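Observations on the three-dimensional arrangement
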Amino acid sequence: MKILTWNTFGLPFFPKKAERMDSIKRILERVKPDIAGLQEVIMTSDAKRFDNAIYQEKNLLTRAGLVTIYNPKTIQLKNTETITYNKQGRWWRHPEQFFDMLISKGFQASEVYHQDIGDFIFINTHLLSSEGKDPHQLQQFEQLFSYVDKKLDAGNKVLLAGDLNITIDTDSYQKITGLMKDFANPQAELDYILGSPELSSIDQRIAKYTPHLGFQRFMYPSDHPCLVSEVSSQQTN
């Protein structure tokens, strides 16, 4: 099963947003993920560009800036919910947090089925930008961690994807990888795909045509890499 996550850099008023969103859509059509988590899709008009997209509208904005896309030929969607983080940051501390507060940052949890993986929960999220130093971000992480921990304790398979805004040297990274395996490419830095212990990643890569591979100028189509992971329920050595 192919998983994708991408922070799309869809903040309003930044240059060439419509062109960049169209480029992101074309790249997704080329990669063909079974399920994908997109972050920073701020405007609902941008969310509507994507087929088979799960999102919630909030006054012309996409709630939490999150869009989950699935392939209906391989993924059966059973239920989805968006949970708002209790802490939303402080706009006067970091300019990006102004938009974060408008969209009500949180995480999207979808109950889905794939014939090779079985039933699992796909979580798409974007934590505050601070790389593990903002107390509001730490509280967001703890809320997310508690949710994941409860789902795993209940026997669910879980895949967590998104821009966690943490690095591998933080306590948050050590804590989450105590529960889940890191399936992402180490070049990603702040973006992750993590899976529960019974799952394995048989391939991880950064998709072409993202700035981290130098095919386009910086911040085109996004300032984050597009992460792709092939996930299996079979254990690898």
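Read on for a plain summary of the structure. Note that the structure is predicted; figures quoted are calculated from it, not measured. (Residues numbered from 1 in each chain as written. Predicted model: local features only at pLDDT ≥ 70, side-chain atom pairs only at ≥ 80, totals over all residues. Heavy atoms only, no water.)

Re the sheet that holds strand S14 (residues 227-232)
Spatial strand order, S3-S6-S2-S1-S14-S13: six strands in an open sheet with mixed pairing. Sheet topology places strand S3 (53-54) and strand S13 (200-206) at the edges, where each strand pairs with a single neighbour. Pairing of S3 with strand S6 (residues 67-70) involves two bridges; the strand directions are antiparallel. For alanine 53, the partnering residue across the bridge sits in S6 and is isoleucine 69. Sheet strands in contact with helix H1 (residues 17-31) are strand S1 (2-7), strand S2 (35-39), S6 and S14, and its direction is about 165 degrees off that of S1. (Pairing = 2+ DSSP bridges. Helix = DSSP H or I, 4+ residues; strand = E, 2+ residues; numbered from the N terminus. Contact = heavy atoms within 4.5 Å. Axes fitted to C-alpha atoms, helices over the stretch in contact; angles between N-to-C directions.)

Here we look at the sheet that holds strand S8 (residues 106-114)
Strand pairing in a sheet relies on backbone hydrogen bonds. The paired strands run either parallel or antiparallel. With mixed pairing, six strands are arranged side by side in an open sheet as S7-S8-S9-S10-S12-S11. Edge strands, defined here as strands with exactly one partner in the open sheet, are strand S7 (75-84) and strand S11 (181-182). Judged from the eight bridges that link them, S8 and strand S9 (residues 118-126) form a sheet pairing that is antiparallel. By the bridge assignment, alanine 109 is partnered in S9 with isoleucine 123. Strands in contact with helix H4 (residues 135-153) are S7, S8, S9 and strand S10 (158-163); relative to S9, the strand with the most contacts, it is inclined by about 175 degrees.

Section: empty space enclosed by the protein
The probe, sized like a water molecule, is rolled over the atoms to show the empty space still left. Enumeration according to the criterion identifies one cavity of 30 Å³ or more in this entry. The volume enclosed by the largest cavity comes to roughly 30 Å³. The wall of the largest cavity is formed by Asn79, Glu81, Ala109, Glu111, Ile121, Tyr147 and Lys151. Sorting the residues of the lining of the largest cavity by element identifies S7, S8 and H4 as the ones contributing at least two each. Looking at side-chain class alone, the lining of the largest cavity contains three nonpolar, one polar and three charged residues. (1 Å grid on protein atoms, 1.4 Å probe; cavity = no way out; pocket = protein on both sides within 12 Å on 5 of 7 lines; lining within 4 Å. Points joined across faces, edges and corners; volume = space filled by probe spheres on them. Nonpolar A, V, L, I, M, F, W, Y, C, P; charged D, E, K, R; others polar.)

A short note on the environment of lysine 48
Among the secondary structure elements, lysine 48 is positioned in the loop between helix H2 (44-47) and S3. Spatially, the C-alpha atom of lysine 48 lies 9.9 Å from that of threonine 62, the residues being 14 residues apart in sequence.

As for the nonpolar core
If you look at the biggest cluster of nonpolar residues, it comprises 22 residues, and the most contacted ones within it are Ile123, Leu144, Val148 and Met180. With six residues, the top contributor of residues to this core is H4. Not counting residues up to four positions away in its chain, the partners in contact with isoleucine 123 are Phe107, Gln108, Ala109, Leu144, Tyr147, Val148, Val158, Leu159, Leu160 and Ala161. Of all hydrophobic cores here, the second largest spans 20 residues; its members include Tyr70, Leu159, Leu199 and Val231. (Core = buried A, V, L, I, M, F, W, Y, C linked by side-chain atoms within 4.5 Å. Buried < 20%, exposed > 50% of the residue type's maximum accessible area, 1.4 Å probe, protein only.)

Digging into the environment of leucine 164
Relative to the helices and strands, leucine 164 resides in the loop between S10 and helix H5 (171-176). Leaving out residues up to four positions away in the same chain, leucine 164 has contacts with Thr125, Leu127, Gln137, Leu144, Leu190, Tyr192 and Leu194.

Let's talk about the packing of aromatic side chains
Each aromatic ring pair is described using two quantities: the centre-to-centre distance and the angle formed by the ring planes. Throughout the structure, instances matching the rule amount to five aromatic pairs. Relative to tyrosine 192, the ring of tyrosine 173 has its centre 5.7 Å away and its plane inclined at 40 degrees; by these criteria the two rings are tilted. Placement of tyrosine 173 in helix H5 and of tyrosine 192 in strand S12 (residues 191-195) is noted, with a sequence separation of 19 residues between them. Pair check on accessibility: tyrosine 173 and tyrosine 192 agree, each one buried. Members of the aromatic cluster, each reached through a chain of ring pairs, are Tyr85, Phe107 and Tyr147. Here the basic side chain of lysine 175 rests over the ring of phenylalanine 145, its NZ or CZ set 4.6 Å away from the ring centre. (Phe/Tyr/Trp six-rings, centres within 6.5 Å; stacked < 30°, edge-to-face > 60°. Lys NZ or Arg CZ within 6 Å of the ring centre and 35° of its normal.)

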